[in-house]
Amino acid sequence: MWSYVSVAIGGAIGCCARLGLTQFVAVYYQRNFPLATFIINVLGCFLMGFLFFETLERLSMSPMLRTAILTGGLGGFTTFSTFSVETLLLAEDGEFIKAGFYIALSVSVGLLAAICGAYLARNL
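Residues numbered from 1 in each chain as written. Predicted model: local features only at pLDDT ≥ 70, side-chain atom pairs only at ≥ 80, totals over all residues. Heavy atoms only, no water.

Q: So what's going on with the side chain of Ser 6? Which residues, and what values?
A: Relative to the helices and strands, Ser 6 is located in helix H1 (residues 2-28). Apart from the residues lying within four places of it in its own chain, the contact partners of Ser 6 are Met 64 and Ala 68. (Helix = DSSP H or I, 4+ residues; strand = E, 2+ residues; numbered from the N terminus. Contact = heavy atoms within 4.5 Å.)

Q: Please provide a residue-by-residue account of the packing of aromatic side chains, values included.
A: Tallied over the full model, the rule gives seven aromatic pairs. Relative to Phe 101, the ring of Phe 33 lies with its centre 6.1 Å away and its plane at 50°, an arrangement referred to as tilted. Of this pair, Phe 33 sits in the loop between H1 and helix H2 (35-57) while Phe 101 sits in helix H5 (residues 96-123), and the two are 68 residues apart along the sequence. By relative accessible area, which is 13% here, Phe 33 ends up buried. Since its relative accessible area comes to 48%, Phe 101 is described here as partly exposed. Centre to centre, the rings of Phe 52 and Phe 53 are 5.0 Å apart; their planes meet at 80°, and the pair counts as edge-to-face. Look at Phe 52 and you get partly exposed, because its relative accessible area is 33%. Between Arg 66 and the ring centre of Phe 52, over which it is positioned, the NZ or CZ distance is 4.7 Å. Against the face of Phe 53 rests Arg 122, its NZ or CZ located 3.9 Å from the ring centre. (Phe/Tyr/Trp six-rings, centres within 6.5 Å; stacked < 30°, edge-to-face > 60°. Buried < 20%, exposed > 50% of the residue type's maximum accessible area, 1.4 Å probe, protein only. Lys NZ or Arg CZ within 6 Å of the ring centre and 35° of its normal.)

What follows is the structure in structure tokens.
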């Protein structure tokens, strides 16, 4: 039961952080490419890579707090479902090159960010 509560609290924090970053990016960037979602996914991948291994191999914390952060917080923060819909919308608008670029960039840079986060966690 408490695991669900911790995930819900972490998720609420992650969702609020996602909204805040989305609004921040919207102030400085015109929306012709889903930049906020891209930034959120890459940052989320980096943080997941870093915190997963940092809390597994170096940092001692309760399993409930780890679940709240990784599953709740980062699960609420990252936006893969939004990424999927935005890609679909680009394709439906005939922006196939932009959609393909968005997919390739998101997956490759997201994976690289997770690798960098894991590397830092293991080598600090």
